[in-house]
Structures are given as structure tokens and as C-alpha cells.
Amino acid sequence: MAVRAVRGAVQLERDDAEHMREQVAELLLAILERNDLVPDDLISVWFTATPDLHSDFPAAAARSIGITDVPLLCAQELEVTGAMERVVRVLAHVETGLSKAGVAHVYLGAAGALRKDIAQ
């Protein structure tokens, strides 16, 4: 087993707590599924949100799907002119047998435009 980092992002349609929980939960579940991971494989998860998101902490979505004993941290993205709005990003550190090249980074919907080079 190795420690790997898995990236992902999702753009929200609106700044609404329930919508954020749904979209971030979908992103987290896709990260787990596409990398053949279970919550016990998670070491820690960093979430960032663009400055226009205020309705909830993205980590609340992880807790809502049963990720309860993993350290989670939320932070705010830099406010860069022209950057995509309403985006939640994830950086998950995991234990896995996957090689670095075998890790599936997950960018859902319009967020795929953020990293076309690694988005699955």
C-alpha cells in the first residue's frame, strides 16, 4: 500500500446548503468508486470553496455519507479574477495499491474544464 493524493472538484449551481451537501457527496462517492476505495482508506480530506460559497462547510457532506472518523479541513480558495465561480475542490489523501498514474481524479460537470489534463 502507498499513500496517494486524489483530486476532484464540482461546480455548484447555487450557494445553498442542501445543494452543496448533495453535490459534494456525489463527488466524494465518485472519488471512492472510481478508485476502488472505501472510507477506511481515507487518511485525510481537504476541501476548498470559492469565496462566493457561504451556505455550509463542504466537510458536512462527508459526514452526511458516513465519513466520520477521517480528519477533514475546509479552507477558502484565493479570489482570482476570472476564476470559475461556486467551486468546491477536494484533495484526499488515501492508502491504496494504485500507482500515481492509476489514480482517477474526478472533476464533475463544468468543473472538468479546470483540469482537462487529469479529469476522468
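Quick note: structure is the one above.
These numbers were taken from a predicted model, which means no experiment stands behind them.

> What should I look at first to understand the pattern of salt bridges in this one?
Opposite charge on two side chains allows them to pair when their charged atoms are near. All told, the structure shown has four salt bridges when counted by the stated rule. Put simply, Arg89 and Glu77 hold a salt bridge, and the shortest N to O gap is 3.8 Å. Taken as a pair, Arg89 in strand E4 (residues 87–96) and Glu77 in the loop between strand E3 (72–76) and E4 lie far apart in primary sequence, twelve residues in all. Overall, Glu77 belongs to the partly exposed group, its relative accessible area being 22%.

> I keep staring at the sheet that holds strand E2 (residues 42–49) and nothing clicks. Help me out?
The strands that make up a sheet pair up through hydrogen bonds in the backbone, lying either parallel or antiparallel. On the basis of which strands lie adjacent, the open sheet formed by five strands has the order E3-E2-E4-E1-E5 and mixed pairing. Lying at the two open borders of the sheet, with one neighbouring strand each, are E3 and strand E5 (106–108). Taking the axes of each pair of neighbouring strands and ignoring which way they run, one obtains an average angle of 15 degrees across the sheet. Sheet analysis places E2 next to E3, joined by five bridges and oriented parallel.

> I'm lost on the environment of Val45 in this one. Help?
In this fold, Val45 is placed in strand E2. When the C-alpha atoms of Val45 and Ala62 are compared, they prove to be 9.2 Å apart, with 17 residues separating the residues in sequence. With residues near it in sequence (within four places) discarded, Val45 still touches Val70, Pro71, Leu72, Leu73, Val90, Leu91 and Ala92.

What counts and what doesn't
Residues numbered from 1 in each chain as written. Predicted model: local features only at pLDDT ≥ 70, side-chain atom pairs only at ≥ 80, totals over all residues. Heavy atoms only, no water. Salt bridge = Lys/Arg side-chain N within 4 Å of Asp/Glu carboxyl O. Helix = DSSP H or I, 4+ residues; strand = E, 2+ residues; numbered from the N terminus. Buried < 20%, exposed > 50% of the residue type's maximum accessible area, 1.4 Å probe, protein only. Pairing = 2+ DSSP bridges. Axes fitted to C-alpha atoms, helices over the stretch in contact; angles between N-to-C directions. Contact = heavy atoms within 4.5 Å.

Interpretation note: all reported values are geometric properties and have no functional meaning in isolation.
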